[in-house]
Amino acid sequence: MTDREAVFLEKLARTGLWQLPGLLQALPDETARLARLCYAASPAGDWLDTPPEVFFSCAAHARYLRENASWTRALPEPLFLAYVLHPRVNNEALCDCRPVFYAALAERLRGLPEEAAILEINRWCAEHVAYQPTDERTRSALAVLRAGFGRCGEESMFAVNVLRACGFAARQVYVPRWAHCDDNHAWVEVWCGGAWHFLGACEPEAVLDRGWFNSAAGRAVLVHSRCFGEPEPDAEVIGREGDVVYCNETARYADVRRLTVRVTDENGMSAAGADVDFCILNNCEWYPAATVQTDASGMAALTCGLGSLRLLARRDGLCCEAFVSPEETGPVVLTLGKRAPAPDRWEPIELTAPRGGAVRGAVPTEAQRDLQERWLRQAHEAWTQRREARLDE
């Protein structure tokens with residue numbers, strides 16, 4: 001029995017959806033296999049909240065793409081399973097959106113090479129969805145399409161779904177918090193030409209690896225992606241939370257260091273299994289951008305940008321904190337020995353945001369800049385026409 005089959009059976013027992021194996025048996029063999037893999041990589045809540053037809057449709061559509069789209073056929077199996085097949089991007093409501101998006105774009109993409117098709121997909125996204133702040137809930141991809149707007153997390157979730165619907169391996173990437181200003185940001189990475197490239201969701205450019213956030217990303221302390229299932233073998237895994245795997249993408253965008261931490265108990269013995277929070281100051285709070293658990297020797301490490309961090313180690317109700325400058329790489333030693341940080345003690349600290357290095361990404365030519373400006377105007381005109389049509393309904 002494979003690990004994924006064991007996970008499928010464990011979740012089947014936990015959810016009690018005993019009718020599911022019978023429904024899977026009625027599907028074509030390859031569609032059933034892909035559907036089982038979808039279920040195995042999905043949170044139990046999705047089993048209970050999402051109609052089986054959504055998983056079956058996702059599996060059937062992914063199978064069609066694997067058989068008929070050249071760029072999908074060329075994908076390594078781990079990328080196909082995690083970033084084309086799987087219906088979930090982040091915490092959005094799931095819906096049967098992939099066939100809808102593919103039907104809207106199939107003719108528009110016909111005959112285009114891989115990179116041109118990706119850029120054309122993002123143009124289509126910009127024609128249908130524009131940026132507008134919303135609340136913390138993430139609507140489904142079809143709900144965002146119907147509304148015609150969304151915050152960056154919704155725009156990027158929407159664009160990832162559209163890219164996956166057309167057979168491209170795509171994922172949402174996040175700066176959980178900036179270090180040089182408040183707030184955060186999300187965008188999209190897509191697999192093209194054997195490597196990951198980035199783009200701003202619903203923000204068309206004439207080249208990949210180009211967005212308004214290029215310079216800002218170069219000052220990030222942490223950029224991560226989420227994967228449901230297993231990421232590619234060379235991914236740098238930060239940690240796992242239920243069925244979510246967090247992968248570190250920071251080195252693609254910013255100058256980085258490998259910061260190591262050693263956690264000990266009061267007797268100087270290695271503290272295995274302690275949680276170490278790597279915290280960024282943002283919006284007047286210390287935000288735990290990443291939590292890494294110590295190994296048997298009490299060590300934890302994170303690849304991160306060159307900014308100040310607060311480290312907080314926790315185990316069995318005891319904790320220890322330390323502030324780390326941009327130059328430090330460690331090992332920083334944290335000794336567990338008190339119950340919690342004193343809430344009524346004020347201490348001056350000096351923090352430094354990453355200064356940013358050479359901006360990573362493409363530098364467009366003058367002709368490409370002109371093309372991008374034209375695409376933006378056309379996308380805005382198309383979006384405005386759709387909005388006015390909806391208001392007239």
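Keep in mind that this is a model prediction, so the values were computed, not measured. (Residues numbered from 1 in each chain as written. Predicted model: local features only at pLDDT ≥ 70, side-chain atom pairs only at ≥ 80, totals over all residues. Heavy atoms only, no water.)

Q: Help me understand the side chain of K11 in this model?
A: Assignment of secondary structure puts K11 in helix α1 (residues 3-15). At 2.6 Å, the side chain of K11 forms a polar contact with the backbone oxygen of S42. If sequence neighbours within four positions are ignored, K11 has contacts with Y39, A40, A41, S42, P43, W47 and D243. (Helix = DSSP H or I, 4+ residues; strand = E, 2+ residues; numbered from the N terminus. Polar contact = N/O pair within 3.5 Å; in protein donor to acceptor, adjacent residues only side chain to side chain. Contact = heavy atoms within 4.5 Å.)

Q: Mind showing me how you'd approach the packing of helix α3 (residues 29-40) against helix α5 (residues 52-68) here?
A: For the pair α3 and α5, interaxial distance at closest approach is 8 Å and the crossing angle is 125°. Looking at the two axes, α3 sits oblique to α5. Seen along the crossing, α3 lies across α5 with a hand that is right-handed. Counted together, E30, T31, L34, A35, C38 and Y39 of α3 and P52, F55, F56, A59, A60 and R63 of α5 form the full contact between these two elements. (Axes fitted to C-alpha atoms, helices over the stretch in contact; angles between N-to-C directions. Parallel < 35°, antiparallel > 145°, perpendicular 65-115°, else oblique. Left-handed = near helix turned anticlockwise from the far one by under 90°.)

Q: Please explain the pattern of salt bridges as it appears in this structure.
A: Oppositely charged side chains can form a pair if their charged atoms are brought close together. In total, this model carries 24 salt bridges according to the counting rule given. A salt bridge links E5 to R36; the shortest N-O distance between them is 2.5 Å. With E5 in helix α1 and R36 in helix α3, the pair connects residues that are 31 residues apart, well separated along the chain. E5 sits in the partly exposed class, given a relative accessible area of 24%. Look at R36 and you get partly exposed, because its relative accessible area is 22%. (Salt bridge = Lys/Arg side-chain N within 4 Å of Asp/Glu carboxyl O. Buried < 20%, exposed > 50% of the residue type's maximum accessible area, 1.4 Å probe, protein only.)

Q: Help me out: how do you make sense of the sheet that holds strand β12 (residues 299-305) in this one?
A: Backbone hydrogen bonds are what pair the strands of a sheet, in a parallel or an antiparallel way. Taken in spatial order, the three strands of this open sheet run β12-β9-β15, and their pairing is mixed. Every other strand in the sheet has two partners, leaving β12 and β15 (332-335) as the edge strands with one partner each. Sheet twist, expressed as the mean angle between neighbouring strand axes with direction ignored, is 25°. By the bridge criterion, seven bridges tie strand β9 (residues 256-264) to β12 in an arrangement that is antiparallel. Note on β12: the bridge partner recorded for V261 is A300. (Pairing = 2+ DSSP bridges.)

Q: Please clarify how the sheet that holds strand β7 (residues 237-241) should be interpreted in this entry.
A: The six strands lie next to each other as β5-β4-β3-β6-β8-β7, forming an open sheet whose pairing is antiparallel. This sheet does not close on itself; its edge strands, each paired only once, are β5 (195-199) and β7. Across this sheet, the average inter-strand angle for adjacent strands is 35°, counted without regard to direction. Alignment of strand β6 (residues 224-228) against strand β8 (residues 244-248), held across five bridges, turns out to be antiparallel. Counted as the bridge partner of F228 is V244 from β8. The strands that helix α9 (residues 114-128) touches are β4 (185-192) and β5; relative to β4, the one it contacts most, it runs at about 150°.

Q: Got a minute to help me understand the side chain of N282 in this structure?
A: Mapped onto the secondary structure, N282 falls in strand β10 (residues 275-282). At 2.9 Å, the side chain of N282 and the backbone oxygen of W178 are in polar contact. At 3.1 Å, the side chain of N282 forms a polar contact with the backbone nitrogen of D183. Non-local contacts of N282, meaning those with residues more than four positions away in its chain, are made with R177, W178, C181, D182 and D183.

Q: Help me understand the packing of aromatic side chains, please; the structure alone is not making it clear to me.
A: Geometrically, a pair of aromatic rings is defined through the distance of the ring centres and the angle of the planes. By the definition in use, this model includes 16 aromatic pairs. Measuring from centroid to centroid gives 6.2 Å for W124 and F158, while their planes differ by 15°, and the two rings are stacked. Here the residue W124 occupies a position in helix α9, and F158 occupies one in helix α11 (residues 152-165), the gap between them amounting to 34 residues. Their ring planes at 90° and their centres at 5.8 Å tell us that W212 and F213 sit as a pair that is edge-to-face. Owing to a relative accessible area of 53%, W212 belongs among the exposed residues under this scheme. For F213, a relative accessible area of 0% gives the class buried. Of the aromatic side chains, those joined through ring pairs into one cluster are W187, F198, W212, F213 and Y253. Directly above the ring of F149 sits R139, whose terminal nitrogen or CZ lies 5.0 Å from the centroid. Here the guanidinium or amino end of R177 rests over the ring plane of Y287, the centre of that ring lying 3.8 Å away. (Phe/Tyr/Trp six-rings, centres within 6.5 Å; stacked < 30°, edge-to-face > 60°. Lys NZ or Arg CZ within 6 Å of the ring centre and 35° of its normal.)

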